[in-house]
Amino acid sequence: MLQAKFSIEEAQVHFLNNFKNYGFKDKSLMLRTAIDNFKKKLELETLKKSADLYSEIYSKDEDLKELTKTAISGWPE
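Residues numbered from 1 in each chain as written. Predicted model: local features only at pLDDT ≥ 70, side-chain atom pairs only at ≥ 80, totals over all residues. Heavy atoms only, no water.

**Digging into the overall build of the chain**
Consideration 1: When helices and strands are tallied, the chain shows three helices and zero strands.
Consideration 2: Going from the N terminus to the C terminus, the chain shows its helices and strands as α-α-α.
Consideration 3: Taken over the C-alpha atoms alone, the chain extends approximately 60 × 25 × 25 Å along its principal axes.
Consideration 4: When burial is assessed residue by residue, the chain has 4% of its 77 residues classed as buried.
Consideration 5: Counting only carbon and sulfur atoms, one obtains 59% of the accessible surface of the chain, whose full area is about 7500 Å².
Consideration 6: One way to put it: in the chain the 13 positive side-chain charges average out to a point 11 Å from where the 13 negative ones average out. (Helix = DSSP H or I, 4+ residues; strand = E, 2+ residues; numbered from the N terminus. Buried < 20%, exposed > 50% of the residue type's maximum accessible area, 1.4 Å probe, protein only. Areas by Shrake-Rupley, 256 points an atom, 1.4 Å probe, with all protein chains shown as cover. Lys, Arg positive; Asp, Glu negative; His and termini not counted. Charge placed at Lys NZ, Arg CZ, Asp CG, Glu CD.)

This is the structure we're talking about:
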């Protein structure tokens, strides 16, 4: 596993020092989990923005709506 050096605030150090209270075996696991969760959150936000954009485009494009309707005809609901 790689190691990295970084600076954090004193309050963040105190929070990390309570890793056992949150069910982690060590500070590193707690931090890796936090980073993974933050990464997933960012990816989800990007996906939502993309879906919103596609939804906006779809709502304004009658040809696309008709194409979609034709493509799904015959599929079970």
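**Regarding the layout of surface pockets**
Consideration 1: The calculated volume of the largest pocket comes to roughly 280 Å³.
Consideration 2: Tallying contributions element by element places helix H2 (residues 27-60) first for the lining of the largest pocket, with five residues.
Consideration 3: Class assignment for the residues of the lining of the largest pocket results in seven nonpolar, two polar and two charged. (1 Å grid on protein atoms, 1.4 Å probe; cavity = no way out; pocket = protein on both sides within 12 Å on 5 of 7 lines; lining within 4 Å. Points joined across faces, edges and corners; volume = space filled by probe spheres on them. Nonpolar A, V, L, I, M, F, W, Y, C, P; charged D, E, K, R; others polar.)

**Remarks on the environment of Ala34**
Consideration 1: Along the chain, Ala34 turns up in helix H2.
Consideration 2: On the basis of relative accessible area, Ala34 is assigned to the partly exposed category, the value being 43%.
Consideration 3: With 20 residues separating them in the primary sequence, Ala34 and Tyr54 have C-alpha atoms 30 Å apart.

**What about the environment of Ser28?**
Consideration 1: You can see Ser28 is positioned in helix H2.
Consideration 2: Of the residues examined, Ser28 reaches a relative accessible area of 42% and is grouped as partly exposed.
Consideration 3: Each C-alpha atom of the pair Ser28 and Phe15 lies 12 Å from the other, and the pair is 13 residues apart in sequence.

**Regarding the confidence of the model for the chain**
Consideration 1: Taken over all residues, the pLDDT of the chain has a mean of 94, while the share at 70 or more is 100%.
Consideration 2: Put simply, helix H3 (residues 62-72) is where the chain has its lowest mean pLDDT, 89, and helix H1 (residues 10-17) is where it has its highest, 98. (pLDDT = per-residue confidence, 0-100.)

**Looking at the pattern of salt bridges**
Consideration 1: The tally for this structure, following the rule as stated, stands at four salt bridges.
Consideration 2: The partner of Lys48 in a salt bridge is Asp52, and the shortest N-O contact between them spans 3.1 Å. With Lys48 and Asp52 both in helix H2, this residue pair falls four residues apart, about one helical turn. (Salt bridge = Lys/Arg side-chain N within 4 Å of Asp/Glu carboxyl O.)

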